[in-house]
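Spelled out, the chains give:
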Amino acid sequence: MTTPAAQPPRDRALGRGITTLIPQAAPATPAEQAAAVLTAMRTVPVRVGVLQAAVVLLEERVRATEDEAERAAAATTVAMLRSAIGQAG
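Procedures and definitions
- Residues numbered from 1 in each chain as written.
- Predicted model: local features only at pLDDT ≥ 70, side-chain atom pairs only at ≥ 80, totals over all residues.
- Heavy atoms only, no water.
- Salt bridge = Lys/Arg side-chain N within 4 Å of Asp/Glu carboxyl O.
- Helix = DSSP H or I, 4+ residues; strand = E, 2+ residues; numbered from the N terminus.
- Buried < 20%, exposed > 50% of the residue type's maximum accessible area, 1.4 Å probe, protein only.
- Expected span 1.5 Å × (residues − 1).
- Arc of directions from axis to C-beta.
- Polar contact = N/O pair within 3.5 Å; in protein donor to acceptor, adjacent residues only side chain to side chain.
- Contact = heavy atoms within 4.5 Å.
- Patch = residues over 30% accessible without salt bridge, like charges linked within 9 Å, V, L, I, M, F, W, Y side chains within 5 Å.
- Areas by Shrake-Rupley, 256 points an atom, 1.4 Å probe, with all protein chains shown as cover.

Caption draft 1: Examining the pattern of salt bridges more closely. With the rule as written, the count across this model stands at 4 salt bridges. With a shortest N-O distance of 2.2 Å, glutamate 59 and arginine 82 are connected by a salt bridge. Here glutamate 59 is found in helix H3 (residues 48-64), whereas its partner arginine 82 is found in helix H4 (residues 68-88), with 23 residues between them in sequence. For glutamate 59, a relative accessible area of 24% gives the class partly exposed. Among the ionic pairs, glutamate 68 bridges to arginine 71, the shortest N-O distance being 2.8 Å. Of this pair, glutamate 68 and arginine 71 are both found in helix H4, 3 residues apart, which corresponds to roughly one turn of the helix. Taking the relative accessible area as the measure of exposure, glutamate 68 reaches 52% and is therefore exposed.

Caption draft 2: Just H4, in detail. With 21 residues, H4 extends 30 Å from end C-alpha to end C-alpha; this agrees with the ideal 30 Å at 1.5 Å per step. Buried within H4 are the following residues: Ala74, Thr77, Val78 and Leu81. End-on, the buried residues of H4 take up no more than an arc of 110°, which puts them together on one face. Turned more than 90 degrees from where H4 packs its buried face, Glu68, Ala69, Gly86 and Gln87 sit exposed. The opening residue of H4 is aspartate 67, an N-cap whose side-chain oxygen sits 2.9 Å from the backbone nitrogen of alanine 69.

Caption draft 3: Layout of the environment of leucine 57. Checked against the element boundaries, leucine 57 lands in helix H3. Owing to a relative accessible area of 64%, leucine 57 belongs among the exposed residues under this scheme. A C-alpha to C-alpha distance of 9.5 Å links leucine 57 and alanine 74, two positions 17 residues apart in sequence.

Caption draft 4: How the structure looks around the side chain of threonine 65. Mapping threonine 65 onto the fold places it in the loop between H3 and H4. Among all residues touching threonine 65, those that are not within four sequence positions of it are Glu70 and Arg71.

Caption draft 5: Up close: a nonpolar patch on the surface. On the surface, Val37, Met41, Val44, Val46 and Val50 cluster together into a nonpolar patch covering about 380 Å² of accessible area. By the secondary structure assignment, methionine 41 is in the loop between helix H2 (30-40) and H3. We classify methionine 41 as partly exposed; its relative accessible area is 37%.

Shape descriptors only; they carry no functional weight alone.
Here's what the structure looks like:
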């Protein structure tokens, strides 16, 4: 009977997060993270009702926030979602 060879100890931890695997220049803001996710999801099928619900929530965020960058990101996202809804219909 043979026994498996002992594995040498690893010099790095397993289970590292995605940010350690793909280094980023600087920490991303929530708006930048959302923009990256939206870019990645351009070709992912999503139900129209989910898009409509997101539009309602984001439009409220546009009205409620005082942060100009957040307002701009939310407004841009609303426009993208409305475009996707129009293409689906």
